[in-house]
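Fold and geometry: a report
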Amino acid sequence: MPGDRLSAAAEPTTAFDKIWNAHLVKTLDDGRDLVFVDRHILQETTSAPAFDGLERSRRRVRHPELTVATQDHIVSTEPGRDERSNPVGRELLDLMRSNSDAHRIRIFGVDDPRQGIVHVIGPELGLALPGCLLACGDSHTSTVGGLGALGIGVGTSEVEHVLATQTLALTRPRNMRVRFEGTVGPGVTAKDLILRAIGQLGIAAGQGCAVEYAGDAIRALPVEARLTLCNMSIELGARLGLVAPDETTIEYVRGREFAPAGRDFEQAAAEWRSLTSDAAARFERDFVVDCAAISPQVTWGTSPQDVAGVDECVPDPAGFGDAKRRDLAAAAIRYMGLEPGMKIEGIPIDVAFIGSCTNSRLADLEAAATIVRGRRVAGHVRALVVPGSTSVRHAAEALGLDRIFRDAGFEWRDAGCSMCVSVNEDVVPSGARCIATTNRNFENRQGPGSRTHLASPAMVAAAAIAGRITDLRKGSGT
Amino acid sequence: MRPGFAGVTGVMAVMPLANVNTDAIIPSAWLRTARADFGKGLFGSQRYGADGRERPEFVLNRAPFRHAKILLADENFGCGSSREAAVWALAQFGIRCVLAPSFADIFYENAFRNGLLVAKIDAASYLALAAAVDRHGQDPIFIVDLPAGTVTGPDGARFPFAVPAARAAALIRGDDEIDMTLHHAGDIEAYHAAAAATHPWLYAGTDTAEIAP
């Protein structure tokens, strides 16, 4: 009813609801919303059965022009690699290419300078835009929320659904907000902010929700850091996360390959500026995180919520009031080969990994290089840098960062998901301990028996040099 | 169309853990080819030792649970990765229904699209059902009745579960989601045409004329 729509428009509205409403095709009889997908990005490990399904049912790709494919998960990251380098990956890589060609979908394969991790190239190429709705068969699609886009991670059936219909049928997420208040201390990055929020609120806090990150600390973050923050919305249990667009966002998007240009851009920017939450907008769930209390974060367990400051200790499970949490923490500490009460600082590491959709952008590599410059990786440590995209790699090489890392004893590899998901050859050996800039510290995540500590790029770099987890604020790594 | 699903009668196995993630349900080693034996890979890291042999202490390696059709788990089941292979692994193993106090969002959606019933139970029912499996360890046969929204134990005790009514009806009919959506194809194209008229910049630069057929 038009009257209802007008009064609804006058209501204070969240940024999320404004964008969602703009994508609403219709509300279905079962109460779910059918929303239009502006951009669909495919990756090779979750799309092949979707194309099989399309062919079986003789359907076509409805909007190939809004669909883009890349190869990132199972690609080799060996320097100078090609599509054949990882024999195990050939089948899925070939299928991504042949399916894209058959349906006239643009593909940025390993031979293309625009290749990279889906969540890195989306913003980098201007495929993800503020206020757009983007789907991808990967849970970390929430990353593009850093631009003020709605990034919806889906499974393979929904990839097929988007290919066939250019829509998703979803329960409308509820509004949640996390406000970061107070001053961020030295050495504390977006990675530390989101890890702290996950530790404080828990990994299921965002279930069924769209999370808006707000507060002065967030406004001060450059876009790349906002992408890191929104990336881990899924580790908060949320459907998606976003930072409302502002001038920082608009300047980031300007000039990108697939972004609007000229008059189109100015028209778009005017609209993006309106995509903020109204002052009186209601959030069903609203939380505050105190930035002043955050030190560089490191996980000690096997869930992202098992996290503490580097200046803290591995907790005693007995200290958890909740019996379930107590059991999980005890099992996690056992799996990680740690002891309750031991200091996190000083835990020796075997592998240091800088990469993944969480922390593999140019600013991440620059932060790590600042720590590494003129130093050497500890003798017993294998240290790797895997840029998030081929264009990040080229930009870093133009700045000489590859030399800094190589001179220090880091491997400088080609772009891909690599040791975060470990479906290619980049695996942490069983029992080995890896400090990583990734997003999941689950048991066996980086390979069977692997142990993972999540941290920021600078913290991982400092640990690689020291051979143990170290507090970069003390200058031990600098 | 998929075959409709109205319920299942069979062995219930218990995974008495919160936050069971999809990496645990199907480890990445099984994600390297298009058509892996996902049923074999179900809970692979816990089910098999480093030598590839079954670990006898793992629940699904023990009789009668190796023929389980119903899985009982604690809260936030299926968190983590969006990998739909987690659902395929459960289904190919023979699990038709997962009961838990809560599910992670993407796993929940993936399950419905594969005819796997994911039903929410309250915390008290979770404990009572786990205890019932314990008591009837040799013959833990439960009846899941989707239209009634109940699960009944070997001793006749009945517990309600929650599935949104429209989702339950779609499962019972065996609706194909894509078919259902394509009934709205006219609305979708009308939306797209309107959006292209008011937001031409959103679609500028995306045409695929440059891509060779």
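Residues numbered from 1 in each chain as written. Chains lettered and ligands numbered in written order. Predicted model: local features only at pLDDT ≥ 70, side-chain atom pairs only at ≥ 80, totals over all residues. Heavy atoms only, no water.

A tally of helices and strands in chain B yields 10 helices and 7 strands. The principal-axis extents of the C-alpha atoms in chain B amount to approximately 65 × 45 × 30 Å. Looking at the 213 residues of chain B, the share that counts as buried comes to 57%. When contacts within chain B are restricted to residue pairs at least 6 apart in sequence, long-range pairs at least 24 apart make up 64% of them. Mean positive and mean negative side-chain charge positions of chain B (18 and 23 charges, respectively) differ by 8 Å. (Helix = DSSP H or I, 4+ residues; strand = E, 2+ residues; numbered from the N terminus. Buried < 20%, exposed > 50% of the residue type's maximum accessible area, 1.4 Å probe, protein only. Contact = heavy atoms within 4.5 Å. Lys, Arg positive; Asp, Glu negative; His and termini not counted. Charge placed at Lys NZ, Arg CZ, Asp CG, Glu CD.)

Taken as a class, soluble globular proteins show a tendency for nonpolar side chains to be buried jointly. Of all hydrophobic cores here, the largest spans 184 residues; its most connected members are Phe405 of chain A together with Phe43, Phe77, Leu90 and Leu99 of chain B. If you look at the next biggest cluster of nonpolar residues, it comprises 33 residues, including Leu229, Val243 and Leu454 of chain A together with Cys79 of chain B. (Core = buried A, V, L, I, M, F, W, Y, C linked by side-chain atoms within 4.5 Å.)

The peptide bond linking alanine 63 of chain B to proline 64 of chain B adopts the cis configuration, its omega dihedral lying at -5°. Counting through the fold element by element, proline 64 of chain B comes out in the loop between helix H3 (44-47) and strand E2 (70-73). Here arginine 104 of chain A, not a glycine, exhibits a phi torsion of approximately 55°, which is positive. Looking at where arginine 104 of chain A falls in the secondary structure, it is placed in the loop between helix H4 (90-102) and strand E5 (106-108). The exposure class assigned to arginine 104 of chain A is partly exposed, which follows from its relative accessible area of 32%. Phi at phenylalanine 43 of chain B takes a positive value of approximately 50°, unusual for a residue other than glycine.

All names here are of chain A. As assigned here, chain A comprises domain 1 (10-177 + 205-272) and domain 2 (299-472). Summarising the inter-unit geometry, the C-alpha centres of domain 1 and domain 2 are found 26 Å apart. The junction of domain 1 with domain 2 conceals about 2,400 Å² of combined surface from both sides, 52% of it contributed by carbon and sulfur atoms. Contact with domain 2 buries surface across domain 1, with Thr77, Ile117 and Glu224 losing the most and accounting together for 25% of the total. Between the two partners, domain 1 and domain 2, sit 3 salt bridges. Scanning the region where domain 1 abuts domain 2 turns up 19 residue pairs in polar contact (both at pLDDT 80 or more). Breaking the side of domain 1 that touches domain 2 down by element, the ones donating at least two residues are helix H5 (118-124) and helix H9 (223-231). Its residues placed into classes, the side of domain 1 that touches domain 2 shows 10 nonpolar, 13 polar and 7 charged. (Domains from an automatic or database assignment. Buried area = accessible area lost by both parts, 1.4 Å probe. Salt bridge = Lys/Arg side-chain N within 4 Å of Asp/Glu carboxyl O. Polar contact = N/O pair within 3.5 Å; in protein donor to acceptor, adjacent residues only side chain to side chain. Nonpolar A, V, L, I, M, F, W, Y, C, P; charged D, E, K, R; others polar.)

Looking at chain B as a whole, its pLDDT mean stands at 94, while 96% of the residues score no less than 70. Among the scores for the predicted complex, ipTM is 0.96 and pTM is 0.96. (pLDDT = per-residue confidence, 0-100.)

Looking at the assigned domains, one finds that chain B contains domain 1 (7-175) and domain 2 (183-213). Of note, the centres of domain 1 of chain B and domain 2 of chain B, computed from C-alpha atoms alone, are 40 Å apart.

This next bit is on the side chain of glutamate 160 of chain A. For glutamate 160 of chain A, the location among the structural elements is in helix H6 (residues 156-165). With no salt bridge to any partner, buried glutamate 160 of chain A finds its closest opposite charge in arginine 59 of chain A, at an N-O distance of 4.2 Å. Contact partners of glutamate 160 of chain A, with chain neighbours within four places excluded, come to Pro49, Ala50, Gly53, Leu54, Ser57 and Arg59 of chain A together with Ile178 of chain B.

Let's shift gears to the sheet that holds strand E8 (residues 167-170) of chain A. Residue and element names in this part refer to chain A. Read across the open sheet, the 3 strands follow the order E1-E2-E8; overall the sheet is antiparallel. The open sheet is flanked by strand E1 (24-27) and E8, the only strands paired with a single partner. Sheet twist, expressed as the average angle between the axes of neighbouring strands with direction ignored, equals 20°. Note: E1 against strand E2 (residues 33-36), 3 bridges, orientation antiparallel. The residue of E2 that forms the bridge with leucine 24 is valine 35. Sheet contacts for helix H2 (residues 15-22): E1, E2 and E8; angle to E1, the most-contacted strand, approximately 85°. (Pairing = 2+ DSSP bridges. Axes fitted to C-alpha atoms, helices over the stretch in contact; angles between N-to-C directions.)

On inspection of all chains with the given rule, the structure shows 16 aromatic pairs over all chains. Relative to tyrosine 213 of chain A, the ring of phenylalanine 180 of chain A lies with its centre 6.4 Å away and its plane at 40°, an arrangement referred to as tilted. Here phenylalanine 180 of chain A, found in strand E9 (residues 174-181), pairs with tyrosine 213 of chain A, found in strand E10 (residues 209-214); they are 33 residues apart in sequence, far enough to count as distant. The same class applies to phenylalanine 180 of chain A and to tyrosine 213 of chain A, which are both buried. Among the aromatic side chains, those forming a connected cluster through ring pairs are Phe77, Phe103, Phe107, Tyr108 and Phe112 of chain B. The side chain of arginine 256 of chain A reaches across the aromatic face of tyrosine 252 of chain A, ending 3.8 Å from its centre. (Phe/Tyr/Trp six-rings, centres within 6.5 Å; stacked < 30°, edge-to-face > 60°. Lys NZ or Arg CZ within 6 Å of the ring centre and 35° of its normal.)

All names here are of chain B. Within the open sheet, the 7 strands sit side by side as E4-E3-E2-E1-E5-E6-E7. Their pairing is mixed. Across the chains shown, the open sheet's two edge strands, defined by having one partner strand only, are strand E4 (117-120) and strand E7 (158-160). Taking each pair of neighbouring strands and ignoring which way they run, the sheet shows an average axis angle of 30°. Bridge count between E2 and strand E3 (residues 97-100): 3 bridges; the pairing is parallel.

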